[in-house]
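One letter stands for each residue in the lines below.
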Amino acid sequence: MFKFSISLLVFCLLIPFKGYPQSSLDYTFTSDGKLLFSEVIEVEDSKQNDLYSLAVESFSADEKIKKDSKDKTISIAKSFTLHDKGILSRIPYAEIKCQLFVEFKDQRYRYQLKDFDFIPYARNRYGKYETVERKRKSLESLIQSSNDWEDQRQEFDNWISSEIENLVLTMEGRLAEESEKTVSEVIEIKEEW
Amino acid sequence: MKIKTILFTLSMIFLTTVLYAQEAEKNPLQISGSVDTYYKYDFSGFESENGTSNISTSFADQQNSLSIGMIDIVLSQELGKASFVGEVAFGPRNAGSAGPAGNSGVMEPHIQNLYVSYMLTPELAITAGYMGTFVGYEVISPTGNFNYSTSYLFTNGPFQNAGVKLDYTFSDRVSLMVGLFNDWNQYNDSNGMSDFGAQLYVVPVSGWDVYINMITGYPSGTELDLTTGYQITDDFYLGLNAADYTASDDAGGFSGAALYAQYAFTDNFSLGFRGESFSTKDYDDETGVSVEGSTVNAFTISGNLTAGPLTFIPEVRFDNGENEVFLNNDLMPTKTASQLLFALVYAF
């Protein structure tokens with residue numbers, strides 16, 4: 001009992017130290033100056049149709065996705081709230097909206113996080129924070145022109161990293177499940193039993 | 001044995017606290033607010049016994065002295081479908097805005113917002129409490145206005161409405177609010193919660209917000225109000241506020257319109273113009289004497305220079321009355337008044 005309590009207390013003390021900030025992402029821009037996060041993920045022994053279907057199944061439940069069954073692409077609207085570190089608490093600073101666009105081919109798929117918009121928050125007459133839609137602008141203009149971006153950069157980078165990780169892990173997980181199903185369905189009927 | 005029990009209990013308390021803190025971190029209690037201070041000079045030099053000068057719109061009324069606005073503290077939290085806001089303020093700006101009848105003392109705290117809200121469905125919210133008014137363009141908090149001095153429309157309209165309301169969001173572009181409220185600016189209502197209010201919000205095109213407001217009841221009267229703003233370009237914004245108010249028992253009223261134009265020269269510097277025409281209505285007073293209404297036009301130019309949470313507002317204002325409603329330094333009636341003002345607003 002005593003050892004258990006000590007162990008539990010030590011465990012409790014370790015919980016708050018749950019991780020350290022990730023390093024900053026490298027930003028890449030298209031030829032027309034648009035921020036883009038893109039990568040091709042290789043998936044051995046996979047068909048385009050299967051990858052597409054898995055993605056539709058995986059993401060339809062939680063989010064509104066636009067799917068194109070002809071071109072085998074999906075598009076998901078993403079949003080995230082950036083916070084300002086207030087004196088006594090974190091308060092909403094801006095909403096970032098973007099598109100997650102995924103294309104599928106045999107043995108690979110490509111994701112693109114693009115079309116980033118920045119919508120600032122402001123406190124309304126009722127004391128609540130709400131987005132000021134009329135001040136919506138492209139995130140690129142903020143990144144390139146404002147020193148204030150560095151204060152929010154880490155939180156933004158962490159969110160981008162988590163979205164990419166979520167996409168890749170979800171696809172890997174579903175592929176693994178499908179693979180196990182296929183294996184378990186193979187039955188060898190022995191003549192000599 | 002006793003030590004083991006104490007240690008185990010401490011562990012469980014700590015574990016519960018940490019787990020609760022992690023949950024609360026996802027929906028933290030938000031603490032925000034502002035402080036503001038100003039200096040104003042009325043060019044006529046006129047100063048009343050209580051230190052005020054000619055232009056009698058709300059707040060910023062002290063002549064030729066470094067004066068304070070208020071310290072405003074807002075607590076809010078949203079957890080699941082429920083949320084609350086509690087906003088309390090101290091200072092002359094606060095004392096000039098709201099509070100129950102009979103309250104006195106500029107340093108006494110006043111509630112600016114105190115309400116709870118619940119999402120009955122993703123589109124429908126019910127809110128009850130004491131809230132900043134939905135009527136009008138300008139607000140009490142200095143962080144919500146471009147100009148530091150306020151308009152006549154703001155001064156003569158309601159500041160807060162206590163009551164219960166329903167907000168329905170039809171889409172990103174259309175929403176409707178209806179509610180029952182106390183008399184204007186009242187925590188409690190001696191003749192029952194009988195004021196009816198409504199607000200239609202429409203976004204005709206992206207960047208253009210339109211609010212059509214109505215509040216009616218006895219003895220507060222009836223006010224119809226249009227508040228709209230259009231972000232024409234990234235740098236240029238145009239706003240309009242127009243209202244008509246009729247007091248109960250034919251006790252007069254007012255009507256007016258104010259145009260707001262703002263241009264952002266840089267991320268940190270904007271210039272704004274406010275042009276207002278405000279008229280009071282004719283009415284018969286208690287003794288049956290006819291009181292003629294009059295008109296005053298006000299022109300204000302304000303700058304906003306921002307440095308992070310701090311905004312410096314230099315402002316010049318010129319008011320021109322139809323009648324001689326102002327006083328000059330010799331205490332002689334005059335039709336015009338003008339003032340220079342410098343304000344500092346810190347939002348946190």
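Below: a short report on this structure. All of these numbers come straight from a predicted model, not from anything done at the bench. (Residues numbered from 1 in each chain as written. Chains lettered and ligands numbered in written order. Predicted model: local features only at pLDDT ≥ 70, side-chain atom pairs only at ≥ 80, totals over all residues. Heavy atoms only, no water.)

1. Overview of the overall build of chain A
Along chain A, the regular secondary structure elements total 4 helices and 8 strands. The order of helices and strands in chain A, counted from the N terminus, is α-β-β-α-β-β-β-β-β-β-α-α. Counting contacts in chain A only where the partners sit at least 6 residues apart, residues at least 24 apart contribute 54% of the total. Just so you have it, chain A exposes about 12400 Å², and 50% of that area is on carbon and sulfur atoms. (Helix = DSSP H or I, 4+ residues; strand = E, 2+ residues; numbered from the N terminus. Contact = heavy atoms within 4.5 Å. Areas by Shrake-Rupley, 256 points an atom, 1.4 Å probe, with all protein chains shown as cover.)

2. Things to note about the pattern of salt bridges
Pairing between side chains becomes possible if they bear opposite charge and their charged atoms approach one another. All names here are of chain A. What the rule picks out here adds up to 15 salt bridges over all chains. Between Arg-90 and Glu-155 there is a salt bridge, and its shortest N-O distance comes to 3.5 Å. With Arg-90 in strand 5 (residues 90-105) and Glu-155 in helix 4 (residues 149-185), this pair connects stretches of sequence that are 65 residues apart. Since its relative accessible area comes to 37%, Arg-90 is described here as partly exposed. (Salt bridge = Lys/Arg side-chain N within 4 Å of Asp/Glu carboxyl O. Buried < 20%, exposed > 50% of the residue type's maximum accessible area, 1.4 Å probe, protein only.)

3. Let's talk about the pairing of strand 17 (residues 310-321) of chain B
Residue and element names in this part refer to chain B. Of the two faces of strand 17, only one is covered, namely that formed by Thr-311, Ile-313, Glu-315, Arg-317, Asp-319 and Gly-321; the face formed by Leu-310, Phe-312, Pro-314, Val-316, Phe-318 and Asn-320 stays uncovered. The pairing of strand 16 (residues 295-307) with strand 17 spans 10 bridges and is antiparallel. Residue pairing in the sheet places Asn-297 in a bridge with Asn-320 of strand 17. Two successive antiparallel strands, strand 16 and strand 17, enclose a turn made up of 2 residues, where Gly-308 displays a positive phi of approximately 65°. Summarising the sheet, strand 17 and strand 20 (residues 336-347) pair through 11 bridges and their orientation is antiparallel. Across the sheet, the residue bridging to Pro-314 is Phe-342, located in strand 20. (Pairing = 2+ DSSP bridges.)

4. Side note on helix 2 (residues 48-60) of chain A
The end-to-end C-alpha separation of helix 2 of chain A is 18 Å, in line with the 18 Å expected for 13 residues at 1.5 Å each. Turning to helix 2 of chain A, its buried residues are Leu-51, Tyr-52, Leu-54, Ala-55, Val-56, Ser-58 and Phe-59 of chain A. (Expected span 1.5 Å × (residues − 1).)

5. Brief notes about the environment of Glu-140 of chain A
All names here are of chain A. For Glu-140, the position within the fold is in helix 3 (residues 139-145). Taking the relative accessible area as the measure of exposure, Glu-140 reaches 4% and is therefore buried. Residues Glu-140 and His-83, 57 residues apart in the sequence, show an inter-C-alpha distance of 18 Å. Ignoring sequence-local partners within four residues, the contact set of Glu-140 consists of Phe-29, Gly-33, Lys-34, Leu-35 and Phe-116.

6. Here we look at unusual backbone geometry
Between Tyr-218 of chain B and Pro-219 of chain B the backbone carries a cis peptide bond, its omega angle lying at 5°. Structurally, the position occupied by Pro-219 of chain B is in the loop between strand 9 (208-217) and strand 10 (221-231). The backbone phi angle of Asp-45 of chain A is positive, close to 55°, even though this residue is not glycine. Looking at the element boundaries, Asp-45 of chain A is found in the loop between strand 2 (35-42) and helix 2. One non-glycine residue, Leu-331 of chain B, lies in positive phi territory at about 60°.

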